[in-house]
Amino acid sequence: MGVVNFIIQNILTQASITIALIAMLGLVLQKKSVGQVISGTLKTLLGFQVLSAGSSIIVGSLTYFGEIFTAGFNMQGIIPSIEAINGQAMNELGLGRDIALTFLAIFVFNIVIARFTKWKYIFLTGQAILWMATMTTVFGYFSGLRGIVLILVGGFVGAVFAVAMPAIAQPIIRKITGSNDIALGHFCTIGYMFEAGVAYIFGEKGENKKSIEDINLPKSFEFLQDTYLSVMVVMVPLYIITAAFAGAGAVDTGSQHYLMYAFLQAIQFVVGVYVLLSGVRLLLGEIVPAFRGIAMKLVPNAVPALDCPVFFPYSPNAVILGFITTTIGTIIAMFVLPMFGLAMILPGMLTNFFAGGTAGIFGNAVGGRRGAIIGGIAHGFFITLLPALLVTIFNQMGFVNATATDVDTVTVALLYAWILSPILKAF
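How each quantity is defined
- Residues numbered from 1 in each chain as written.
- Predicted model: local features only at pLDDT ≥ 70, side-chain atom pairs only at ≥ 80, totals over all residues.
- Heavy atoms only, no water.
- UniProt positions renumbered as here; feature names shortened; annotations may be inferred.
- Core = buried A, V, L, I, M, F, W, Y, C linked by side-chain atoms within 4.5 Å.
- Buried < 20%, exposed > 50% of the residue type's maximum accessible area, 1.4 Å probe, protein only.
- Helix = DSSP H or I, 4+ residues; strand = E, 2+ residues; numbered from the N terminus.
- Contact = heavy atoms within 4.5 Å.
- Phe/Tyr/Trp six-rings, centres within 6.5 Å; stacked < 30°, edge-to-face > 60°.
- Polar contact = N/O pair within 3.5 Å; in protein donor to acceptor, adjacent residues only side chain to side chain.
- 1 Å grid on protein atoms, 1.4 Å probe; cavity = no way out; pocket = protein on both sides within 12 Å on 5 of 7 lines; lining within 4 Å.
- Points joined across faces, edges and corners; volume = space filled by probe spheres on them.
- Nonpolar A, V, L, I, M, F, W, Y, C, P; charged D, E, K, R; others polar.
- Pairing = 2+ DSSP bridges.
- Axes fitted to C-alpha atoms, helices over the stretch in contact; angles between N-to-C directions.
- Parallel < 35°, antiparallel > 145°, perpendicular 65-115°, else oblique.
- Left-handed = near helix turned anticlockwise from the far one by under 90°.

In the annotation of an unreviewed UniProt entry, the chain is listed under the name Ascorbate-specific PTS system EIIC component and assigned to Candidatus Enterococcus ferrettii. Of the chain, the UniProt comment under Sequence similarities (unreviewed entry) reads exactly: "Belongs to the UlaA family." Its UniProt record, at the heading Subunit (unreviewed entry), says of the chain: "Homodimer."

Tell me about the nonpolar core, residues and numbers included.
Judged by nonpolar contacts, the single largest core of 115 residues is most densely connected at F139, F269, I287, V310, F353, F362 and L390. The biggest single contributor to this core is helix α12 (residues 349–397), with 17 residues. Excluding residues within four positions of it along the chain, V310 makes contact with L51, I182, V280, L283 and L284.

Quick rundown of the packing of aromatic side chains? Include the residues and the values.
A full pass over the atoms with the stated rule returns 19 aromatic pairs. With centroids separated by 6.5 Å and ring planes inclined at 70 degrees, the aromatic side chains of F142 and F399 adopt a geometry described as edge-to-face. Linking F142 in helix α6 (residues 126–142) with F399 in the loop between α12 and α13 (407–426), this pair joins segments that are 257 residues apart in sequence. Relative accessible area serves as the criterion here: at 27%, F142 is assigned to the partly exposed category. Summarising the aromatic geometry, the rings of Y192 and F362 are spaced 5.5 Å apart at their centres and angled 35 degrees between planes, so their arrangement reads as tilted. Here F362 lies in helix α12 and Y192 lies in helix α8 (residues 189–202), a separation of 170 residues in the sequence. Accessibility classification places Y192 together with F362 in one group, the buried group. Aromatic rings pair up to connect Y64, F65, F69, Y239 and Y261 into one cluster.

Explain the side chain of T189 to me, using residue names and the numbers behind them.
Mapping T189 onto the fold places it in helix α8. For T189, a relative accessible area of 0% gives the class buried. A distance of 2.7 Å separates a polar atom in the side chain of T189 from the backbone oxygen of H186. Every residue in contact with T189, bar those within four places of it in the chain, is listed here: M165, A169, L184 and D408.

Go over empty space enclosed by the protein, please, and point to the residues and values.
Taken as a whole, this structure holds 3 cavities of 30 Å³ or more when the rule is applied. The volume enclosed by the largest cavity comes to roughly 60 Å³. Listing elements by their share of the lining of the largest cavity, those giving two or more residues are α9 (227–246), α10 (258–297) and α11 (316–336). Here the lining of the largest cavity takes 3 residues from α11, the largest share from any one element. Looking at the lining of the largest cavity residue by residue, the classes come out as 8 nonpolar, 1 polar and no charged.

Describe the sheet that holds strand β3 (residues 303–306), listing the residues and the values that go with them.
The 3 strands are arranged β1-β3-β2 in an open sheet whose pairing can be described as parallel. With one partner strand each, in any of the chains shown, β1 (121–123) and β2 (183–184) form the two edges of the open sheet.

Lay out the pairing of β3 in plain terms, naming residues and giving numbers.
The two faces of β3 match: V303 and A305 on one face and P304 and L306 on the other face are all buried. As defined by bridge partners, β1 adjoins β3 across 3 bridges and the pair is classed as parallel. Bridge pairing in β3 places I122 opposite P304.

Any details on the packing of helix α3 (residues 34–72) against α12? Residues and values, ideally.
Between α3 and α12, the least distance of the axes is 8 Å, while the angle of their chain directions is 130 degrees. Taken together, α3 and α12 sit at an angle that is classed as oblique. Counting all contacts with α3, which are made through S55, I58, V59, L62, F65, G66 and F69, the residues of α12 involved are M349, L350, F353 and F354. Counted by class, the contact of α3 with α12 contains 9 nonpolar, 2 polar and no charged residues.

How would you summarise the packing of α6 against α12 if you had to cite specific residues and measurements?
At their nearest, the axes of α6 and α12 sit 11 Å apart, and the two run at 60 degrees to each other. Between α6 and α12, the crossing angle belongs to the class labelled oblique. For the element pair α6 and α12, the recorded crossing hand is left-handed. Across from M135, V138, F139 and F142 in α6, the residues of α12 making contact are L390, I393, F394 and M397.

Can you explain the layout of surface pockets? Please cite residues and give values.
In this approach a probe as big as a water molecule rolls over the atoms, and the regions it shows empty are the leftover space. Of the volumes computed, that of the largest pocket is approximately 1300 Å³. Every residue lining the largest pocket is counted, 48 residues in all, and those nearest its centre are V59, E83, L350, T351 and F354. Mapped onto the lining of the largest pocket, the elements with two or more residues apiece are α3, α4 (82–91), α6 and α12. Residues that form the lining of the largest pocket fall into these classes: 25 nonpolar, 19 polar and 4 charged.

Got a sec to walk through unusual backbone geometry? Specific residues and values, please.
Positive phi is not limited to glycine here, since K31 has a value of about 60 degrees. For N301, which is not glycine, the phi torsion reads 65 degrees and is therefore positive. Mapped onto the fold, N301 is located in the loop between α10 and β3. With relative accessibility at 60%, the residue N301 sits in the exposed group.

Dropping the structure here:
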């Protein structure tokens with residue numbers, strides 16, 4: 001058990017290590033030379049670590065932005081956090097071992113399903129699997145499941161989502177990337193498909209469809225066609241205006257003037273985007289060729305399902321548009337949902353950027369600029385509604401004023417609460 005715990009906690013939950021080991025396996029199966037195996041493995045590890053470093057820079061900048069946003073507009077409500085639920089489940093309910101074993105079960109079931117069904121997707125986003133394991137374990141526990149049954153049921157349900165979500169999104173991913181080499185492994189996929197559906201209905205079609213990436217600018221503004229400069233032009237005013245509303249004392253900025261601090265945090269965000277996209281390019285250059293070895297030997301036609309930032313370079317303008325429109329949608333939902341007796345859910349800037357940005361890519365691919373705008377606002381409302389529905393259920397379970405974010409995991413929780421739990425309790 002000690003060895004299993006070590007593997008789960010120190011290897012499988014470390015996405016960079018997991019992906020590097022899988023790349024190494026693929027290269028070994030292709031009978032590459034020792035040098036090629038070492039080089040490919042280390043470059044995969046380096047690429048993912050660079051990607052993670054970029055994400056960390058963005059997270060730090062957005063955490064600050066979330067604080068001044070809340071202070072500037074005087075908002076009070078529930079901030080969705082699966083991390084808080086994970087901590088409470090492990091520390092207060094003693095479910096740490098069950099969550100870890102469910103995590104491992106999801107991974108194993110995923111490989112089995114990919115091997116013996118037409119769904120050939122291997123879900124490689126370790127943190128997302130951990131959050132899915134948390135949700136299936138907590139809701140399975142409160143449904144009356146215990147021991148090995150709790151682990152196996154949670155592992156199977158999580159694995160079905162781990163192969164079904166990439167499969168559902170793959171037709172649009174193929175349109176975005178132009179190939180079938182990679183898939184999307186992120187448990188916000190129901191939200192992405194929701195935006196794609198809205199974009200299909202209300203967006204542009206046929207010859208009228210104009211991508212946000214194809215904006216024709218006057219010569220004096222052609223510099224905005226550079227991804228990083230266009231991001232900067234959007235984010236700098238957003239940060240400075242929000243900081244101005246929040247005022248000087250909202251966040252500790254040391255001896256630095258609060259508006260200058262906001263300006264530098266906006267630049268830091270752009271730096272994070274630059275680092276993240278550099279890591280994506282390095283990672284994809286190694287993981288896709290290495291994965292062919294696994295496809296040839298272990299799981300025929302296997303496709304790696306990777307985290308959402310991997311897709312940002314394919315449509316960078318849509319990422320920023322998705323972030324902004326999703327944020328607008330979450331703000332609208334924050335005020336509207338309490339009118340119907342639901343909890344007030346505060347906009348989560350991290351979710352709005354990573355999930356909203358990816359949803360923006362989907363909306364733009366399906367319905368062009370108009371689809372991305374209308375779909376993005378609808379997406380923001382949708383990803384606020386589902387966590388709001390979960391608040392009451394969590395309160396009944398003892399998780400006071402708590403809810404989760406990623407809509408696929410929230411959907412699993414609602415599935416347990418509304419369908420599985422009543423069936424189990426009937427017996």
